[in-house]
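Okay, here's what each chain looks like letter by letter:
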Amino acid sequence: MSKKRYAIVLDTKKCLNCKACTVACKFENGVPVGDETYRIWVTALPLQGEYPNLHQEYQPSQCQHCENTPCASVCPTHATYKTEEGVVLVDYDKCILCKACMTACPYDARFVSEHHKAVEKCTMCYHRLGEGREPACVETCPTKVRVFGDLNDPNSKVSKLLASRGFYQLKPDRNTRPRLFYLK
C-alpha cells in the first residue's frame, strides 16, 4: 500500500468570502486575532463585468505545501521539514527567526509568531489528521470550497475532482509543485 500524499483542492467559485475558514484556523491553531498574523487568507479579486452586471470572485490561499520546498532548502537549521505525507511543518525549537524561509516562500505564507518565537505557517492541521479529522478550514467552510484528501488514493474526492475537472496551481513558473489545486 502506498503512503498518503495529502492535498487540498479548491473550488473558488463557491467562495463567499465569509471568512469562516480564517476564523476556524485562528481558533484551532491559536493564531492571534487581527490581520497581521494568519495561516490562511482570502483575496478579493478585481470586479468583473460592467455595471449593473458586476461580479467578484475570491481566492482563498495558504501555504501551498510544495513538493519542491524553497522554504526548507534555505533553512539553516532544518526547522522547516516535510512529513512523509508531504505536509510542510516547522519545528519551533529549531527555528532561529532568521526569516530566510519567509523570503524564499513565493506565496507569502509565513509570519513571525510571537507566541512560538518562531516562523509559523499552515500545517494542514496536521495534529488533527491522525484522528481522521480534516483541517479546520475544510471542516468549517459552509460552501465546501476546500476538499482535503490523499492524492495516492484514486477513490479520494481530491483525486476524483482532479481527474474530472481542469485545474491550475499558483505561480507554476516557480517550479515548487504545490499541493493546492484550484479548479477552473
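Everything numeric here is computed off the predicted structure, so don't read it as measured data.

## Focus: the pairing of strand β10 (residues 146–150)
Part 1 of the argument: A large share of β10 lies buried, amounting to five of its five residues.
Part 2 of the argument: The alternating pattern of β10 places Arg146, Phe148 and Asp150 on one face and Val147 and Gly149 on the opposite face, and all of these are buried.

## Re the sheet that holds strand β11 (residues 167–168)
Part 1 of the argument: On the basis of which strands lie adjacent, the open sheet formed by four strands has the order β10-β1-β12-β11 and mixed pairing. Pairing within the sheet leaves two strands with one partner each, and these edge strands are β10 and β11.
Part 2 of the argument: Where strand β1 (residues 6–10) lies against strand β12 (residues 180–183), three bridges are found, and the strand directions are parallel. In the strand pairing of β12, leucine 10 is matched with tyrosine 182.
Part 3 of the argument: Contacts between helix α6 (residues 157–164) and the sheet are confined to β1, β10, β11 and β12, with β10 contributing the most and set at about 110° to the helix.

## Thoughts on the packing of aromatic side chains
Part 1 of the argument: This structure, assessed with the given rule, holds four aromatic pairs.
Part 2 of the argument: Relative to phenylalanine 148, the ring of tyrosine 6 has its centre 4.9 Å away and its plane inclined at 35°; by these criteria the two rings are tilted. Taken together, the residues tyrosine 6 in strand β1 and phenylalanine 148 in strand β10 connect sequence positions 142 residues apart. The burial state of tyrosine 6 is the same as that of phenylalanine 148; both residues are buried.

## What to know about the pattern of salt bridges
Part 1 of the argument: Under the criterion given, the structure shown has nine salt bridges.
Part 2 of the argument: Linking arginine 128 and glutamate 28 is a salt bridge whose minimum nitrogen-to-oxygen distance equals 3.0 Å. Of this pair, arginine 128 sits in helix α4 (residues 126–129) while glutamate 28 sits in helix α1 (residues 20–29), and the two are 100 residues apart along the sequence.
Part 3 of the argument: Note that arginine 179 is salt-bridged to glutamate 67, the shortest N-O span being 3.1 Å. Of this pair, arginine 179 sits in the loop between β11 and β12 while glutamate 67 is found in the loop between β5 (58–62) and α2 (70–73), placing the two residues 112 residues apart along the sequence.
Part 4 of the argument: For arginine 179, a relative accessible area of 6% translates into the label buried.
Part 5 of the argument: Each of Glu28, Arg128, Glu131, Arg133 and Glu139 takes part in a single network of salt bridges with overlapping partners.

## A closer look at unusual backbone geometry
Part 1 of the argument: With an omega of 5°, the peptide bond running from tyrosine 51 to proline 52 counts as cis.
Part 2 of the argument: Tracing the backbone through its elements, the reader meets proline 52 in the loop between β3 (48–50) and β4 (53–55).
Part 3 of the argument: Of note, the phi angle at histidine 65 is positive, near 45°, even though the residue is not glycine.
Part 4 of the argument: Turning to its location among the elements, histidine 65 is positioned in the loop between β5 and α2.
Part 5 of the argument: In this structure, lysine 144 takes a positive phi of about 60° despite not being glycine.
Part 6 of the argument: Among the secondary structure elements, lysine 144 is positioned in the loop between α5 (136–140) and β10.

## Things to note about the environment of leucine 129
Part 1 of the argument: Looking at the secondary structure, you find leucine 129 in helix α4.
Part 2 of the argument: On the basis of relative accessibility, which here comes to 10%, the residue leucine 129 falls in the buried class.
Part 3 of the argument: It is 26 Å that separates the C-alpha atoms of leucine 129 and leucine 16, two residues lying 113 residues apart in sequence.
Part 4 of the argument: With near-sequence residues (within four places) excluded, leucine 129 lies in contact with Tyr6, Met124, Pro135 and Phe148.

## Examining α6
Part 1 of the argument: Looking only at α6, the buried set comprises Val158, Ser159 and Leu162. With its buried residues spanning 100° around the axis, α6 presents them on a single face. Opposite the buried face of α6, by more than 90 degrees, sit the exposed residues Lys157 and Ser164.
Part 2 of the argument: Those residues of α6 hidden inside the fold are in contact with β1, β10, β11 and β12.

Parameters at a glance
Along each chain, numbering runs from 1 in the same order as the chain's sequence is written. Side-chain atom pairs in this predicted model are given and counted only at pLDDT of 80 or more, local residue features only at pLDDT of at least 70, and totals for whole chains, interfaces and linings cover all residues. To obtain the side-chain values, all non-hydrogen atoms of the structure were used and water was disregarded. Think of it in three bands: residues with accessible area under 20% of the maximum for their type are buried, residues over 50% are exposed, and the middle band is partly exposed, with areas taken using a 1.4 Å probe on protein chains only. Think of it this way: any DSSP run of H or I at least four residues long counts as a helix, any run of E at least two long counts as a strand, and we number them from the N terminus. Here a strand pair is declared whenever DSSP counts at least two bridges between the two strands. Here, two residues are considered to be in contact whenever any of their heavy atoms come within 4.5 Å of each other. Helix axes use the C-alpha atoms of the stretch in contact, all axes being lines fitted to C-alpha atoms, and the angles between their N-to-C directions lie in the range 0 to 180 degrees. Think of it this way: a Phe, Tyr or Trp ring, Trp meaning its six-membered ring, pairs with another when their centres are within 6.5 Å, and the plane angle makes it stacked under 30 degrees, edge-to-face over 60, tilted otherwise. Here, a salt bridge means any side-chain nitrogen of Lys or Arg that lies within 4 Å of a carboxyl oxygen of Asp or Glu. Working note: the arc is built from the helix axis to C-beta atom directions.

Coordinates in, geometry out; function isn't part of it.
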